Amino acid sequence: MGDGCCGAYLGGVLAMGDRVGRSRAQFDDVDGVRFQTHNLVRAYRQRFLDAYGSVICREIQTHLMGRSYDLTNPEEFDAFEEAGGHARICPVVVGSGARWVIELLEDEGLA
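Positions within a chain are numbered from 1, following the residues in the order the chain's sequence is written. With pLDDT at 70 or above as the cut-off, local features in this predicted model cover only qualifying residues; side-chain atom pairs require 80 or more to be listed or tallied, and sums for whole chains, interfaces and linings still use all residues. The side-chain values count all of the structure's non-hydrogen atoms but skip hydrogen atoms and water molecules.

## Quick look at the packing of helix α4 (residues 74–82) against helix α5 (residues 85–107)
Each packed pair of helices is defined by two parameters, the angle between the axes and the distance between the axes.
(1) Moving on: Axis lines are fitted to C-alpha atoms, over the contacting stretch for helices. Their N-to-C directions set the angle, which ranges from 0 to 180 degrees. Secondary structure elements are defined from DSSP: runs of H or I of at least 4 residues count as helices, runs of E of at least 2 residues count as strands, and each element is numbered from the N terminus. Where α4 meets α5, the axes come as close as 7 Å, and the angle between the chain directions of the two elements is 70°. Judged on the interaxial angle alone, α5 and α4 are roughly perpendicular. From α4, Phe77, Phe80 and Glu81 reach across to α5, where they touch Gly85, His86 and Cys90. Should an angle lie under 35 degrees it is considered roughly parallel, over 145 roughly antiparallel, and from 65 to 115 roughly perpendicular; all remaining angles are considered oblique. In this analysis, two residues are considered to be in contact whenever any of their non-hydrogen atoms come within 4.5 Å of each other.

Here's what the structure looks like:
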């Protein structure tokens, strides 16, 4: 069973980094852009922790579904699907994550 981060969480981090992060040409970051990105990601992570108790996929599954599933195992994957994982649970998490990214960027005048 994997201990990886939730894809919705990672997607939000990547989106914020793309919107606010440093460019290769300005990687020395004399303006301190990376600190703005750090603060946004810290706030985003906290929203995941408050809502789901974790940013780890299996821990979010347990929080929302009462157990975790090994999605690399075909039987477990099927059980996850039958329990509404990709039909009901993941869309809620993804939607919340997307909303939080926009809210955080808007709060900073970056949307």
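## Comments concerning the pattern of salt bridges
(1) Moving on: Each reported salt bridge corresponds to a side-chain nitrogen of Lys or Arg within 4 Å of a carboxyl oxygen of Asp or Glu. Within the structure shown, the criterion is met by 4 salt bridges.
(2) Moving on: A salt bridge links Arg99 to Glu103, with the nearest nitrogen and oxygen atoms 3.7 Å apart. One end of the pair is Arg99 and the other is Glu103, both in helix α5 and 4 residues apart, which spans about a single turn.
(3) Moving on: On the basis of relative accessibility, which here comes to 43%, the residue Arg99 falls in the partly exposed class.
(4) Moving on: Burial here depends on accessible area, computed with a 1.4 Å probe over protein chains only, as a share of the maximum for the residue type. Under 20% is buried, over 50% is exposed, and the range in between is partly exposed. Under the relative-accessibility criterion, Glu103 is labelled partly exposed at 27%.
(5) Moving on: Each of Arg47, Arg99 and Glu103 takes part in a single network of salt bridges with overlapping partners.

## Observations concerning the environment of Val13
(1) Moving on: Along the chain, the position of Val13 falls in helix α1 (residues 7–20).
(2) Moving on: Assessed through its relative accessible area of 23%, Val13 is described here as partly exposed.
(3) Moving on: Distance from Val13 to Ala25, taken between C-alpha atoms, is 21 Å for residues 12 residues apart in sequence.
(4) Moving on: With sequence-adjacent residues up to four places away left out, Val13 is seen in contact with Val41 and Tyr44.

## Structural notes on the side chain of Ser54
(1) Moving on: Inspection of the secondary structure assignment puts Ser54 in the loop between α2 (33–52) and α3 (57–65).
(2) Moving on: Among the polar contacts listed, one links the side chain of Ser54 to the side chain of Glu59, at a separation of 2.5 Å.
(3) Moving on: Non-local contacts of Ser54, meaning those with residues more than four positions away in its chain, are made with Phe48, Leu49, Glu59 and Ile60. N or O atoms within 3.5 Å of each other form a polar contact, as long as, within protein, one can give a hydrogen and the other can take it, and as long as residues adjacent in sequence are counted only when both atoms are side-chain atoms.

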